[in-house]
2 protein chains.
Amino acid sequence: MQVLGEHIDHPSADTIYEEVRKFLPRISLGTVYRNLEIMSESGSILKLETGGSIKRFDPNTHSHPHFRCVKCGSIEDLPFGIDSSMFAGTDEDWIKGRKVQSLHVEYTGLCADCNGNTKS
Amino acid sequence: MQVLGEHIDHPSADTIYEEVRKFLPRISLGTVYRNLEIMSESGSILKLETGGSIKRFDPNTHSHPHFRCVKCGSIEDLPFGIDSSMFAGTDEDWIKGRKVQSLHVEYTGLCADCNGNTKS
DNA sequence: AAGCTAATAATAATAATTATCATTAAATAT
DNA sequence: ATATTTAATGATAATTATTATTATTAGCTT
């Protein structure tokens, strides 16, 4: 299972299911979901709750910004880091009793492919 | 319809449906979705594609960060602005043929209520 | 090998959203 | 004012991604 942690991209559960099937043909989708959930809880992968309706999983477990294509739905990493201090650093009054767990920065638009190939 | 643009919070389509029903009892959920979509396309409201599985709508149309409670699912505004220059400003090489349309910053964790009320 | 435990496959259930389509209402022309 | 065209609506069905259920299988432990 961990074998598929070597993804550069951000596969959906369904994509992972298809790939694992290649060498575990009898595996069920439920098992894939269950184990992805376990792995994301244990911290070995990241569950991305991005915009769009699909959950995706990311072997890169440190917080980094993404670009989501509104046309094809692909998620790409962006080459810069983020941390909370970028916006809230100097003044953290806003926390006000909340427990902050994570930060997600997401750009949306058209990926290079979709931007080049079609204009609508 | 526009009457419900006066929300301070970030209602889901279902919440809006319930509220519109109070004075248009015969309206259907499909109509609500359809018109929310039209309004978000015309730019009079914002469709928030946040993490979590629910789409929410926001009368505040300028880009601002949100806090999503992983327990109760509520979305709150955070009191600071964001703009692209915060991370990518100095070096925009990353754009590389993409067409950037919007930026969404989302913190997740426990909201003040959920953080106070339960510890799991 | 018998008995206990935990993981799995197959399937059903759920939840949010989108699509369909006959019906109603609105707009325009006659 | 009424017939005709056009568009919006309500009711319902379909879709999609995910989660829950449950009987079965497989892995250990003695």
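In this text the structure is predicted, and so the values were computed from the model without any measurement.

Rules and cut-offs
Residues numbered from 1 in each chain as written. Chains lettered and ligands numbered in written order. Predicted model: local features only at pLDDT ≥ 70, side-chain atom pairs only at ≥ 80, totals over all residues. Heavy atoms only, no water. Salt bridge = Lys/Arg side-chain N within 4 Å of Asp/Glu carboxyl O. Helix = DSSP H or I, 4+ residues; strand = E, 2+ residues; numbered from the N terminus. Buried < 20%, exposed > 50% of the residue type's maximum accessible area, 1.4 Å probe, protein only. Near = heavy atom within 4 Å. Polar contact = N/O pair within 3.5 Å; in protein donor to acceptor, adjacent residues only side chain to side chain. Nonpolar A, V, L, I, M, F, W, Y, C, P; charged D, E, K, R; others polar. Pairing = 2+ DSSP bridges. Axes fitted to C-alpha atoms, helices over the stretch in contact; angles between N-to-C directions.

Description of the pattern of salt bridges
What the rule picks out here adds up to eight salt bridges over all chains. Where Arg68 of chain A meets Glu49 of chain B, a salt bridge forms, and the shortest distance between an N and an O atom there is 3.4 Å. Pair noted here: Arg68 of chain A is in strand S3 (residues 66-69) and Glu49 of chain B is in the loop between strand S1 (46-48) and strand S2 (56-58), and the two residues belong to different chains. Since its relative accessible area comes to 10%, Arg68 of chain A is described here as buried. Ionic contacts of the salt-bridge type, sharing partners, join the residues Glu49 of chain A together with Arg68 and Glu106 of chain B into one network.

So, the protein's contact with DNA strand C
With respect to spatial proximity, the complete set of residues near DNA strand C consists of Arg26, Ile27, Ser28, Thr31, Arg34 and Asn35 of chain A together with Tyr33, Ser53, Ile54 and Lys55 of chain B. One nitrogen or oxygen atom from the main chain of Arg26 of chain A is found 2.8 Å from a phosphate oxygen belonging to DNA strand C. A distance of 3.1 Å is found between a phosphate oxygen of DNA strand C and a side-chain nitrogen or oxygen belonging to Arg34 of chain A. Per-element accounting of the surface near DNA strand C gives the leading share, three residues, to helix H2 (residues 29-42) of chain A. In terms of residue class, the surface near DNA strand C is built from three nonpolar, four polar and three charged.

Some remarks on the sheet that holds S3 of chain A
Pairing is mixed in the open sheet, where six strands are placed in the order S4(A)-S3(A)-S5(A)-S5(B)-S3(B)-S4(B). Strand pairing shows two members of the sheet lacking a second neighbour, strand S4 (75-77) of chain A together with strand S4 (75-77) of chain B, which therefore form its edges. Recorded for the sheet is a direction-independent mean angle of 30° between the axes of neighbouring strands. Pairing between S3 of chain A and S4 of chain A: three bridges, direction antiparallel. In the sheet register, His66 of chain A faces S4 of chain A, and the bridge partner there is Asp77 of chain A.

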